[in-house]
Amino acid sequence: MSSRRSRQSGTSRITDDQIIELVSKLRQFVPEIRNRRSDKVPASKVLQETCNYIRSLHREVDDLSQRLSQLLATIDADSEEASIIRSLIAQ
Amino acid sequence: MISKGATRNSNSRRIKFARRFVSALLHMRNQNPRPGSLSIEGSVRTRSQRIKIAAYLSMAQAVGSRRAWSRAVLSKLGSRARRHMRRMGRSSLGSLKKKRVIRSYSPGELGQAKKLRQLVPGGETMDICSLLEETAHYITCLATQVKVMQTLADNFSK
């Protein structure tokens, strides 16, 4: 038995319906298009917005890493405990 | 809509990530008191680069090996992978090489899916269904990662 085939979803062919369902599910995760009506947002737009969203998240991680690297030198023993607890509780 | 079970999962994941990431930060702070560059295993990385790597690594560790994307991150960034690739030669590199997977392309998906594959860790070898599922999970984890980092940055600057 080919291990490659067993790794794909049950059927040997992925149906269009499956893809449509997954793309519409993906919409919920992307803030840009979450609230727009599903028939007005084509799949290509969903994928494009998803890519943009991921890239913007990566940029934010970069910026925050730089910020944290500058702040790291300044934190002292007392405030870090409180910061950690606060950040863990924060929603 | 996120169900209650998923919220519990995402909370524990957020806390796991925050713990690992913060302990990595403190470790960095105690390791080298002077800010700036440090030579690591022959490669020079700025502290902000190390922080970025620690963030992605901590999140992948918090997720574990349940997800294809987190497995890809772990094998790429994990210290074991680095030691492996340096000491051993062919044998381990063979297992790290991407396996050729037959993907069934849907017409019309090719253009944007290709970009998505490059953005999602491990996306290159997934079929389109897995890619979409992994993307959704990856996005939620990334968003959590950003929120925690943001909160830390806000708290540290007080």
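These figures come from a predicted structure and were not determined experimentally. (Residues numbered from 1 in each chain as written. Chains lettered and ligands numbered in written order. Predicted model: local features only at pLDDT ≥ 70, side-chain atom pairs only at ≥ 80, totals over all residues. Heavy atoms only, no water.)

### Some thoughts on the overall build of chain B
(1) Moving on: Of the regular secondary structure elements, chain B holds seven helices and two strands.
(2) Moving on: What you see in chain B, going N to C, is helices and strands ordered as α-β-β-α-α-α-α-α-α.
(3) Moving on: Within chain B, counting contacts between residues at least 6 apart in sequence, those at least 24 apart form 52% of the total.
(4) Moving on: Of the roughly 9,100 Å² of accessible surface on chain B, a fraction of 52% belongs to carbon and sulfur atoms. (Helix = DSSP H or I, 4+ residues; strand = E, 2+ residues; numbered from the N terminus. Contact = heavy atoms within 4.5 Å. Areas by Shrake-Rupley, 256 points an atom, 1.4 Å probe, with all protein chains shown as cover.)

### Description of the overall build of chain A
(1) Moving on: For chain A, the count of helices and strands is four helices and zero strands.
(2) Moving on: Along chain A, from the amino end to the carboxyl end, the secondary structure elements read α-α-α-α.
(3) Moving on: Here chain A holds 91 residues, and 34% of them are scored as buried.
(4) Moving on: Taken as a whole, chain A presents about 5,900 Å² of accessible surface, with 47% of it coming from carbon and sulfur. (Buried < 20%, exposed > 50% of the residue type's maximum accessible area, 1.4 Å probe, protein only.)

### Focus on the state of the cysteines
(1) Moving on: All chains considered together, the criterion is met by zero disulfides over all chains.
(2) Moving on: Cys129(B) carries a free sulfur, and the closest cysteine sulfur to it, the one in Cys51(A), is 17 Å from it.
(3) Moving on: The thiol of Cys141(B) is unpaired, and the distance to the nearest cysteine sulfur, on Cys51(A), comes to 18 Å.
(4) Moving on: Owing to a relative accessible area of 0%, Cys141(B) belongs among the buried residues under this scheme. (Disulfide = S-S within 2.5 Å.)

### Considering the packing of aromatic side chains
Residues and elements named next belong to chain B.
(1) Moving on: Evaluated as defined, the whole model comprises two aromatic pairs over all chains.
(2) Moving on: With 5.5 Å between their ring centres and 10° between their planes, phenylalanine 17 and phenylalanine 21 make a pair best called stacked. Of this pair, phenylalanine 17 and phenylalanine 21 both sit in helix H1 (residues 4–31), four residues apart, which is roughly one turn of that helix. Accessibility assignment for this pair places phenylalanine 17 and phenylalanine 21 in one class, buried. (Phe/Tyr/Trp six-rings, centres within 6.5 Å; stacked < 30°, edge-to-face > 60°.)

### Focus on the environment of Arg27(A)
(1) Moving on: Among the secondary structure elements, Arg27(A) is positioned in helix H2 (residues 16–27).
(2) Moving on: Along the primary structure Arg27(A) and Thr50(A) are separated by 23 residues, whereas in three dimensions their C-alpha atoms are 8.1 Å apart.

### Some words on the pattern of salt bridges
(1) Moving on: Scanning all chains against the criterion turns up four salt bridges over all chains.
(2) Moving on: For the salt bridge of Asp62(A) with Lys52(B), the shortest nitrogen-to-oxygen distance reads 3.1 Å. You can see Asp62(A) sitting in helix H3 (residues 43–72) and its partner Lys52(B) sitting in helix H2 (residues 47–63), one on each of two chains.
(3) Moving on: The class of Asp62(A) is partly exposed, set by a relative accessible area of 32%.
(4) Moving on: Owing to a relative accessible area of 26%, Lys52(B) belongs among the partly exposed residues under this scheme.
(5) Moving on: Arg67(B) is the partner of Glu134(B) in a salt bridge, and the nearest nitrogen-oxygen pair spans 3.4 Å. With Glu134(B) in helix H7 (residues 128–156) and Arg67(B) in the loop between H2 and helix H3 (68–77), the pair connects residues that are 67 residues apart, well separated along the chain.
(6) Moving on: Taking the relative accessible area as the measure of exposure, Glu134(B) reaches 9% and is therefore buried. (Salt bridge = Lys/Arg side-chain N within 4 Å of Asp/Glu carboxyl O.)

### Comments concerning the nonpolar core
(1) Moving on: Core analysis: the largest hydrophobic core is formed by 58 residues, its most contacted members being Ile54(A), Leu68(A), Phe21(B), Trp69(B), Leu116(B), Leu132(B) and Leu152(B).
(2) Moving on: Broken down by element, this core gets its largest block of residues, 16 residues, from H7(B).
(3) Moving on: The contact partners of Leu116(B), leaving out residues within four places of it in the chain, are Leu47(A), Thr50(A), Cys51(A), Ile54(A), Leu131(B), Leu132(B) and Thr135(B). (Core = buried A, V, L, I, M, F, W, Y, C linked by side-chain atoms within 4.5 Å.)

### Details of H2(B)
(1) Moving on: Here H2(B) spans 24 Å end to end across 17 residues, near enough to the 24 Å set by a 1.5 Å rise per residue.
(2) Moving on: Downstream of H2(B) by a residue or two, Gly64(B) has a phi angle that is positive, lying close to 85°. (Expected span 1.5 Å × (residues − 1).)

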